[in-house]
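Read off the chains here:
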Amino acid sequence: MLADFINPYHLQIASFILINILLAISVYVPLSSGQLSLGSAGFMGVGAYTSALLTIHFDLPIFVGILIGASVAGCLGIIIGIPSLRLSGVYLAIATLGLGEVIRVIFVNWESLTKGSIGLTGIPQMGRELLNLARDFGIQPAMFGLRNNQFVYLMVFVILFILVTATIWFVFRQQNSRVGRSFSSIQMDEKAAESMGINITYFKVLSFSQGAFLAGLAGALFAHVMGYISPSDFSYHRAVEILIFTVFGGSEVIIGSIFGAIFLTLIPEVLRFVSEYRYIIYGIMLVILMAVRPQGILDIQLLSKFKRLKRSKGGVR
């Protein structure tokens with residue numbers, strides 16, 4: 001029976017991994033144009049609250065709410081990105097971190113709309129909506145030998161997997177396009193890129209808004225997967241956690257961000273048997289990594305070695 005191989009808990013962890021991959025990419029994209037942004041948690045909150053409020057108060061379909069939430073975050077990224085062009089490096093990081101805290105404080109104090117620190121409950125859950133939609137088409141989980149909760153978690157995972165795969169494909173394609181090459185040239189030498197006729201303002205705002213859109217998309221998905229959100233979900237600690245995904249895995253390549261999100265989401269679950277010490281172990285690992293490989297686990301040179309090794313093995317055969 002299919003039900004014997006599907007564990008709802010494992011599917012939920014896998015869904016969180018996919019959401020975290022989106023968040024890691026939301027940091028990687030601005031970094032690819034030389035912009036260190038710590039505003040992903042704030043943009044995530046904007047996407048989450050926008051989608052949640054629209055679906056609760058206006059009965060919009062979940063997927064419409066998610067799209068609008070991500071778009072609002074992307075538009076906010078454009079608004080913030082333009083005045084932030086004068087900043088770079090740690091100054092941009094501090095400014096975007098401050099933006100995230102401002103957004104969180106708004107969520108806390110605007111109690112008439114956001115319910116303050118209590119958070120929003122009763123958010124339509126994606127899994128239940130998918131189950132109802134399947135039933136409308138005459139599809140029952142029992143047809144596949146699944147229980148209702150197994151079907152719900154499986155469908156959520158499938159939807160998230162498709163969205164994340166499409167996002168990774170888009171970023172890979174963009175890297176090999178004129179836009180991606182412009183990002184890389186700006187990252188290496190902004191003045192040289194400008195002297196070659198690259199519109200610095202346009203491409204930096206584009207990368208910043210893309211990162212904001214992806215963070216908003218992840219936030220909206222998070223809201224409808226959990227069914228509950230609060231300002232504490234988008235705090236300073238969340239911003240640092242998202243940054244660590246990319247820094248730990250390797251900020252030079254998108255595969256590094258993906259690896260970092262997967263590894264750092266799984267580690268706390270794997271270390272549950274030493275629950276009292278797991279965050280200590282988690283912190284020690286990060287400190288050791290920063291001392292040994294400050295560029296992250298994966299970088300361009302390491303990936304090139306893997307490719308050469310693969311080619312050499314292929315030649316021997």
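Residues numbered from 1 in each chain as written. Predicted model: local features only at pLDDT ≥ 70, side-chain atom pairs only at ≥ 80, totals over all residues. Heavy atoms only, no water.

Per an unreviewed UniProt entry, the protein goes by Branched-chain amino acid ABC transporter permease and derives from Lysinibacillus halotolerans.

Enquirer: I would appreciate a short explanation of the overall build of the protein in the present structure.
Expert: The helix and strand inventory of the protein stands at 14 helices and zero strands. For the protein, the sequential pattern of α-helices and β-strands runs α-α-α-α-α-α-α-α-α-α-α-α-α-α. Taken over C-alpha atoms, the radius of gyration comes to 21 Å for the protein, in line with the 20 Å a tight globule of 317 residues would show. The principal-axis extent of the C-alpha atoms belonging to the protein is close to 60 × 60 × 45 Å. Across the 317 residues that make up the protein, the buried fraction comes to 48%. Looking at the protein alone, contacts between residues at least 24 apart form 76% of all its contacts between residues at least 6 apart. Of the roughly 16,500 Å² that the protein leaves accessible, carbon and sulfur atoms contribute 66%. (Helix = DSSP H or I, 4+ residues; strand = E, 2+ residues; numbered from the N terminus. Rg over C-alpha atoms; globule rule 2.2 N^0.38 Å. Buried < 20%, exposed > 50% of the residue type's maximum accessible area, 1.4 Å probe, protein only. Contact = heavy atoms within 4.5 Å. Areas by Shrake-Rupley, 256 points an atom, 1.4 Å probe, with all protein chains shown as cover.)

Enquirer: How should I be thinking about the nonpolar core in this particular structure?
Expert: As a rule of thumb, soluble globular proteins bury nonpolar side chains together. Core analysis: the largest hydrophobic core is formed by 66 residues, its most contacted members being Ile 21, Ile 25, Phe 43 and Ile 229. For this core, the element with the most residues is helix H1 (residues 8-31), which contributes 13 residues. Contacts of Ile 21, omitting those with residues within four sequence positions, involve Val 164, Ile 168, Ile 258, Ala 261 and Ile 262. (Core = buried A, V, L, I, M, F, W, Y, C linked by side-chain atoms within 4.5 Å.)

Enquirer: Please clarify how helix H4 (residues 89-109) should be interpreted in this entry.
Expert: Each α-helix winds once per 3.6 residues, and so residues spaced three or four apart point in a common direction. Here H4 spans 31 Å end to end across 21 residues, near enough to the 30 Å set by a 1.5 Å rise per residue. Residues of H4 that are buried: Leu 92, Ala 93, Thr 96, Leu 99, Gly 100, Ile 103 and Phe 107. Looking straight down H4, one finds that the buried residues subtend no more than 120 degrees of arc, so they occupy a single side. Along H4, exposed side chains directed more than 90 degrees from the buried face belong to Val 90, Tyr 91, Ile 94 and Asn 109. Residues of H4 that are buried sit in contact with helix H2 (40-57), helix H3 (62-81), helix H5 (111-114) and helix H10 (200-226). (Expected span 1.5 Å × (residues − 1). Arc of directions from axis to C-beta.)

Enquirer: I'm lost on a nonpolar patch on the surface in this one. Help?
Expert: On the surface, Tyr 277, Ile 280, Ile 281, Ile 284, Ile 288 and Val 292 cluster together into a nonpolar patch covering about 580 Å² of accessible area. Within the secondary structure, Tyr 277 is located in the loop between helix H12 (254-270) and helix H13 (278-292). (Patch = residues over 30% accessible without salt bridge, like charges linked within 9 Å, V, L, I, M, F, W, Y side chains within 5 Å. Salt bridge = Lys/Arg side-chain N within 4 Å of Asp/Glu carboxyl O.)

Enquirer: Help me out: how do you make sense of the environment of Met 285 in this one?
Expert: Within the secondary structure, Met 285 is located in helix H13. Distance in space between the C-alpha atoms of Met 285 and Phe 248 is 9.8 Å, their sequence separation being 37 residues. For Met 285, the residues in contact, after removing those within four places along its chain, are Phe 263 and Ile 267.

Enquirer: Would you mind showing me how to read the side chain of Ser 235 here?
Expert: Position of Ser 235 among the secondary structure elements: in the loop between H10 and helix H11 (236-249). Not counting chain neighbours up to four residues away, the residues in contact with Ser 235 comprise Ala 41, Glu 101 and Arg 104.

Enquirer: Could you clarify how one ought to interpret the packing of aromatic side chains in this entry?
Expert: In this description, a pair of aromatic rings is defined by centroid distance and the angle of the planes. Scanning all chains against the criterion turns up eight aromatic pairs. Relative to Phe 263, the ring of Phe 259 lies with its centre 5.7 Å away and its plane at 20 degrees, an arrangement referred to as stacked. Of the two residues, Phe 259 and Phe 263 both sit in helix H12, four residues apart, roughly one turn of that helix. With relative accessibility at 31%, the residue Phe 259 sits in the partly exposed group. Judged by relative accessible area, which is 26%, Phe 263 ranks as partly exposed. Ring pairing ties together the aromatic residues Tyr 49, Phe 107 and Phe 234, which thus form one cluster. (Phe/Tyr/Trp six-rings, centres within 6.5 Å; stacked < 30°, edge-to-face > 60°.)

Enquirer: Before we go on, may I ask you to explain the packing of H3 against helix H6 (residues 126-136) in this structure?
Expert: Relative orientation and spacing of two packed helices are given, respectively, by the angle between their axes and the distance between those axes. With their axes 11 Å apart at the nearest point, H3 and H6 run at an angle of 140 degrees to one another. Across the interface between the two elements, Ile 62, Phe 63 and Ile 66 of H3 pack against Met 126, Glu 129 and Leu 130 of H6. Of the residues that constitute the contact of H3 with H6, the class distribution is five nonpolar, no polar and one charged. (Axes fitted to C-alpha atoms, helices over the stretch in contact; angles between N-to-C directions. Nonpolar A, V, L, I, M, F, W, Y, C, P; charged D, E, K, R; others polar.)

Enquirer: Could you clarify how one ought to interpret the pattern of salt bridges in this entry?
Expert: If the charged atoms of two oppositely charged side chains come close together, the side chains can form a pair. Taken as a whole and assessed by the stated rule, the structure comprises three salt bridges. Here Glu 190 makes a salt bridge to Lys 204, at a shortest N to O gap of 3.3 Å. You can see Glu 190 sitting in helix H9 (residues 190-195) and its partner Lys 204 sitting in helix H10, a full 14 residues away along the chain. Judged by relative accessible area, Glu 190 falls into the partly exposed class, the value being 34%. The shortest N-O distance in the salt bridge between Glu 241 and Arg 238 comes to 2.7 Å. With a gap of three residues between them, Glu 241 and Arg 238 both fall in helix H11, about one helical turn apart. Residue classification places Glu 241 among the partly exposed positions, given a relative accessible area of 28%.

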